[in-house]
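The primary structure of each chain is shown beneath.
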Amino acid sequence: MDTVRDWIREAQHIAVLTGAGMSAESGVPTFRDAQTGLWARFNPQDLATESAFRAHPQRVWDWYQFRREAIAQVQPNAGHRALAAFAQRHPERLSLITQNVDGLHQRAGQPQTIALHGSILEDRWLDASRACCQIAAPADGHPPRCATCGNLRRPAVVWFGENLPQAELDAAEAAVGRCDLMLVIGTSGVVYPAAGLALAAHQRGARVVLINPEPTELDAVASRCLRERAAQCLPSLMED
Ligand code: NAD
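*Asks:* Help me understand the overall build of the chain in this model?
*Replies:* When helices and strands are tallied, the chain shows eleven helices and eight strands. At 19 Å, the chain has a C-alpha radius of gyration in line with the 18 Å of a compact globule built from 240 residues. Its C-alpha atoms put the chain at 60 × 35 × 30 Å along the principal axes. Expressed as a percentage of its 240 residues, the buried residues of the chain come to 50%. Counted over contacts in the chain with a minimum sequence separation of 6, partners at least 24 positions apart contribute 69%.

Spelled out as structure tokens, the structure:
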């Protein structure tokens, strides 16, 4: 821990990449843990795709409503707050990239978070929006739809198989391109292109530090693996 704390103090620019484990201590389940109760028989890969939504729009919409309701009841944890406080003290020295769609980094005070996978708190149209879609509020339903053409509302998240928003990907790559230290927190490192950002930092010669109680696919490129929980270790790590 002490070595990593020194690296954080010395670093010119720190890129942080977070995943679902970052929000675990807020009570937001990781994908591995999210399949409880009614949803236990579904695999996230079968719920978080466009083809799943087109085949079973009500099922997928209701799964997202279930997750939205859970997220509405939780708060940013001490780890989110420690990162936000550091960024407020050193706005030029830290870029935060997240795979999380829960908005907790933003609620902790980091509005400039690069949200690679969108936001579960917002919707958008499934198909390109037509003039009729803009005229009246969508008709209620699971999911709501355009009363004229039937276009469906969908969560504004990036599903498996979809491209990341280009502006966010560009911003993330730019942050990695100028970092000399990367903190990779609470991600299993299996979802690309997000995981590739850690590989790119390593290839550029930046130090890569993993914070995760479990081994991950990215351990091989890490300068240090801290087997710690994010909310427990970040407050002391990010102190000046
Ligand atoms: P993942 O579920 O594949 O992996 C989570 C990782 O977090 C695991 O390696 C686990 O060991 C680690 N972890 C668990 N508790 C932790 C803690 N307290 N501190 C630090 N690490 C901890 O998640 P992923 O790598 O983010 O990738 C899966 C995809 O799921 C992403 O695309 C993400 O968008 C999506 N997702 C997002 C949320 C969210 O927004 N909160 C929740 C679930 C899934």
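*Asks:* Help me out: how do you make sense of helix 9 (residues 166-178) in this one?
*Replies:* For helix 9, built from 13 residues, the straight-helix expectation of 18 Å at 1.5 Å per residue is met to within 8% by its first-to-last C-alpha distance of 19 Å. Leu169, Ala172, Ala175 and Val176 are the residues of helix 9 that are buried. Angularly, the buried residues of helix 9 cover 125° about the axis, an arc narrow enough to put them on a single face. In this structure, the buried side of helix 9 is in contact with strand 1 (14-18), strand 2 (94-98), strand 3 (114-115), strand 6 (181-185) and helix 10 (194-203).

*Asks:* Quick question: what am I supposed to make of the sheet that holds strand 2 here?
*Replies:* Within a sheet, neighbouring strands are paired by backbone hydrogen bonds and run either parallel or antiparallel to one another. Read from one edge to the other, the open sheet built from six strands follows the order 3-2-1-6-7-8, with strand pairing classed as parallel. Each end of this open sheet is capped by a strand with a single partner; those strands are strand 3 and strand 8 (224-226). Sheet topology places strand 2 next to strand 3; two bridges connect them, and they run parallel. Of the residues in strand 3, the one forming a bridge with Ile97 is Ile114. Against the sheet, helix 9 makes contact with strand 1, strand 2, strand 3 and strand 6, and its axis sits at roughly 135° relative to strand 2, the strand it touches most.

*Asks:* Looking at this structure, how should I read the packing of aromatic side chains?
*Replies:* Here the distance between the centres and the angle between the planes together describe a pair of aromatic rings. Enumeration according to the criterion identifies three aromatic pairs in this entry. Measuring from centroid to centroid gives 5.4 Å for Phe53 and Trp159, while their planes differ by 40°, and the two rings are tilted. In this pair, Phe53 sits in helix 4 (residues 50-55) while Trp159 sits in the loop between strand 5 (153-157) and helix 9, placing the two residues 106 residues apart along the sequence. As far as burial versus exposure is concerned, Phe53 and Trp159 are alike and both buried. Through successive ring pairs, a cluster of aromatic residues spans Phe53, Trp63, Tyr64 and Trp159. When the ring centre of Trp63 is taken as reference, the NZ or CZ atom of Arg67 above it lies at 4.7 Å.

*Asks:* I tried to follow the packing of helix 9 against helix 10 on my own but got confused; where do I start?
*Replies:* Helices that pack against each other are described as a pair by the angle of their axes relative to one another and the distance between those axes. Between helix 9 and helix 10, whose axes approach to 9 Å, the crossing angle comes to 25°. The pairing of helix 9 with helix 10 is recorded here as roughly parallel in orientation. Handedness of the helix 9/helix 10 crossing: right-handed. Judged by residue contacts, Ala172, Glu173 and Val176 of helix 9 engage Leu197, Ala200 and Ala201 from helix 10. Looking at the contact of helix 9 with helix 10 residue by residue, the class counts come to five nonpolar, no polar and one charged.

*Asks:* Help me understand the site of the ligand, please; the structure alone is not making it clear to me.
*Replies:* Near the ligand you find 26 residues, and of these Glu25, Gln99, Asp102, Thr187 and Ser188 are the closest. One of the backbone N or O atoms of Gln99 is found 2.4 Å from an oxygen atom in the ligand. At a separation of 2.6 Å, an oxygen atom of the ligand approaches a polar side-chain atom of Ser188. Expressed as a share of its isolated accessible area of 850 Å², the protein-covered part of the ligand is 92%. Class assignment of the residues belonging to the shell around the ligand gives a composition of ten nonpolar, eleven polar and five charged.

*Asks:* Would you take a moment to explain helix 5 (residues 57-72) for this structure?
*Replies:* Residues lying three or four places apart along an α-helix face the same way, a consequence of the helix completing one turn every 3.6 residues. Between its terminal C-alpha atoms helix 5 stretches 22 Å, which fits the 22 Å expected from 16 residues at 1.5 Å a residue. Among all positions of helix 5, only Val60, Trp61, Trp63, Tyr64, Arg67, Arg68 and Ile71 are buried. For helix 5, the angular spread of the buried residues around the axis is 160°, confining them to a single face. Residues of helix 5 that are exposed and point over 90 degrees away from its buried face: Glu69 and Ala72.

Quick notes on the rules
- Residues numbered from 1 in each chain as written.
- Predicted model: local features only at pLDDT ≥ 70, side-chain atom pairs only at ≥ 80, totals over all residues.
- Heavy atoms only, no water.
- Helix = DSSP H or I, 4+ residues; strand = E, 2+ residues; numbered from the N terminus.
- Rg over C-alpha atoms; globule rule 2.2 N^0.38 Å.
- Buried < 20%, exposed > 50% of the residue type's maximum accessible area, 1.4 Å probe, protein only.
- Contact = heavy atoms within 4.5 Å.
- Expected span 1.5 Å × (residues − 1).
- Arc of directions from axis to C-beta.
- Pairing = 2+ DSSP bridges.
- Axes fitted to C-alpha atoms, helices over the stretch in contact; angles between N-to-C directions.
- Phe/Tyr/Trp six-rings, centres within 6.5 Å; stacked < 30°, edge-to-face > 60°.
- Lys NZ or Arg CZ within 6 Å of the ring centre and 35° of its normal.
- Parallel < 35°, antiparallel > 145°, perpendicular 65-115°, else oblique.
- Left-handed = near helix turned anticlockwise from the far one by under 90°.
- Nonpolar A, V, L, I, M, F, W, Y, C, P; charged D, E, K, R; others polar.
- Near = heavy atom within 4 Å.
- Polar contact = N/O pair within 3.5 Å; in protein donor to acceptor, adjacent residues only side chain to side chain.
- Areas by Shrake-Rupley, 256 points an atom, 1.4 Å probe, with all protein chains shown as cover.

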